[in-house]
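Descriptive structure summary
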Amino acid sequence: MTHAKLARLLPHRRPLPPPRATPGVAMGDTAAPDLTRSARRRVLSYGATTAVLAVLTVASQPGVAAWQGSVHLHTLMEALATLLALLVGLMGLVQYAALRSPLFLYVGSGFLGTAMLDGYHAVVTSAPMIGALPAAHERLVPWSWLASRLFLSLWLLLAAFCLWRQRCIAPGNGSVPAELPERATARLWATVTAAFATVVLLIATFLVIPLPPPHVQAALGRSQEWGPGVLFVVSALMVWRSDHWRDDTFTHWLLLALIVSAGLQLGPMATSHALHDTAFNIAHLLKKASYCLVLTGLLIAFYDAYTARNRQALILADLTAQLRDTQERLQQQERWLQTVVDNSVDWETWLSPKGELLYCGPACRVLTGYEPEDFLSGRVSMVDLLAPGEPIELGRHFLHPNDGPPDSFDLRIVDKNGQVRWLNHACTPIYDASGQFLGRRGSNRDITERKTEEVRSRVLMAAIDRAPVGVVITDAQARIQYVNPHYLMVTGHTSAELIGRTPAVWRSGRHDARFYATMWETLRAHLTWSGEICNRRKTGEEFWEHLQITPITDARGSVAAFVAIKRDITGQRREREELFHLANHDPLT
């Protein structure tokens, strides 16, 4: 995971410092903007090191500089070399145990064996041992030195070959995974054992086989030093070709050490003509310098590994905190959802594809009289509650859930007390993230009162439809919503002609504005108005009716509708007028 991804993942946390390249671990594209400048500086350091080695080689030649060493100085320098090699070897193996990169295994094993050989070299060439061993001192010094250098060059060649073949890419860069712990442990023991066996074999060779005199020629110097020197050169070329030195700090310092090792072998040590001369002493100092270069790389590797672990610990702490927060939110949401479902007035259910009840909401107690455990245990099922006369298809619906589209229908059940209840059952299929059918979620709502009201409404509507008087219903704005058949017959209109219009369609023009103002004043006071009114049929014929208008209010007391009861009194009105006329205009009276 790159630093940029982590920054996007943890936006609420403090910014993280950009990661450094971990030694032995290729950092990929993390530091891509600085790679060119860093690589250029490192190339310059390689060139400068080579130039310094050339200067030292020239300076170590006879007649240029004179520095005569001694046995005691040589013993002191080799003891220091032993300690440095031992420290480098142990640190390399520890780093391998942490990163499981074979690069550190081969470097650590090589320096651990070199420490043993350097220690042997320091002991057998010390002043107290002169004359105590079968081989002469003049032969032990160059050959024990050569054994140590040859051993180290071979192991570093193995490490360089590993890098060249790109098998030492440590975990984290996405190219080659780290070795499994079991395989890493086996490789560790096998490598260390091989190094130890090689060292023992070399030491035994010195003790058993007579040592020949070293080859020192006037022109070429010590020609046997060319063997390790060539191996160091090959190793340096392999590391260079691997390109890991560009962004891997440890590989950079290892390459510097290889350049120094090759330079001291092919330069001062190869041109040394006598023990403890200037070239001899400079070569020994450069050997310690090469060890220090590898040690520097390992120390930086340890530091980078430490900071990387701290960075990983910080990231892990941030991710853990995020995970904990997310888990708490999910748990809280789950509790809320469970509370909502458990306190729902609807009876919630979940049927598996096999018809097994996976969840039963507590609202079943109110709707059926049974406990959720009765349904979950299978003692009672929805099929058992179906009222007599319900379609057989309803039983199949609950016994064999399918992944069909959402469905909704009404059904009757018989509760535990023997009462018939109406339920509205709505269900929908449930799928997981992969699209697999998980069953059907059902929601059952008690609609018994609604069904009762529907029956009552149908009865009332049937009575109104068959009433011998006219019934007109309007909304609060006096727009006609309903006219019963009797009044349609009286007026001659059809229902389609009247719905949405106002009662003004029947006005005859006999009544003035004051008449209607009085009517509306009464209605707005939520009072019933009644009286006689002259209206006009569709044919234009006038007729008289007795009208009673009652405002209907809602739960808040606002007028929601008006109901008008109309009775045709045209005949009665004519009879009254005739009687009045006879009473007031009869010639006999």
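Each remark here, short or long, concerns the structure printed above.
Residues numbered from 1 in each chain as written. Predicted model: local features only at pLDDT ≥ 70, side-chain atom pairs only at ≥ 80, totals over all residues. Heavy atoms only, no water.

1. With respect to the pairing of strand 5 (residues 407-414)
Side-chain positions along a regular strand alternate between the two faces of the sheet. Note the threshold: Two strands pair if DSSP finds at least two bridges between them. Working definition: helices are DSSP H or I runs of at least four residues, strands are E runs of at least two. Numbering for both runs from the N terminus.
Two elements, strand 5 and strand 6 (residues 420-431), share 8 bridges in a ladder whose sense is antiparallel. Looking across to strand 6, one finds that Arg412 is bridged to Trp422. Once strand 5 ends, the chain turns through 5 residues before running back antiparallel as strand 6, passing Gly418 with a positive phi of about 85°.

2. Topic: the sheet that holds strand 10 (residues 529-536)
What counts, and what does not: Axis definition: a line fitted to C-alpha atoms, over the contacting stretch in the case of helices. Angles run 0 to 180 degrees between N-to-C directions. Contacts are assigned to residue pairs that have any heavy atoms within 4.5 Å of one another.
The 5 strands lie next to each other as 9-8-12-11-10, forming an open sheet whose pairing is antiparallel. Each edge of the open sheet carries a strand with a single partner, namely strand 9 (480-483) and strand 10. Direction aside, the axes of adjacent strands within the sheet are offset by 25° on average. Note that strand 11 (residues 542-553) and strand 12 (residues 559-568) share 9 bridges and pair antiparallel. Following the sheet pairing, Thr553 is matched in strand 12 by Val559. Of the strands in this sheet, strand 10, strand 11 and strand 12 touch helix 17 (residues 513-524), which is tilted by about 140° from strand 10.

3. Digging into a nonpolar patch on the surface
What counts is decided by this rule: Patch members must show over 30% relative accessible area and no salt bridge, and they are joined within 9 Å when carrying like charges or within 5 Å when they are nonpolar side chains of Val, Leu, Ile, Met, Phe, Trp or Tyr. Note that accessible areas follow from Shrake-Rupley with a 1.4 Å probe, and for residues the cover is restricted to the protein chains shown. Here, a salt bridge means any Lys or Arg side-chain nitrogen found within 4 Å of an Asp or Glu carboxyl oxygen. Only protein chains enter the accessibility calculation, which uses a 1.4 Å probe; a residue whose area is less than 20% of its type maximum is buried, one above 50% is exposed, and one in between is partly exposed.
A grouping of Trp226, Val230, Val233, Val234, Leu237 and Leu266 is seen on the molecular surface, where their side chains present a nonpolar patch of about 460 Å² in accessible area. Take the nonpolar patch: its biggest share by element is 5 residues, from helix 7 (residues 226-242). Along the chain, the position of Val233 falls in helix 7. The exposure class of Val233 is partly exposed, given its relative accessible area of 31%.

In short, geometric facts, not functional conclusions.
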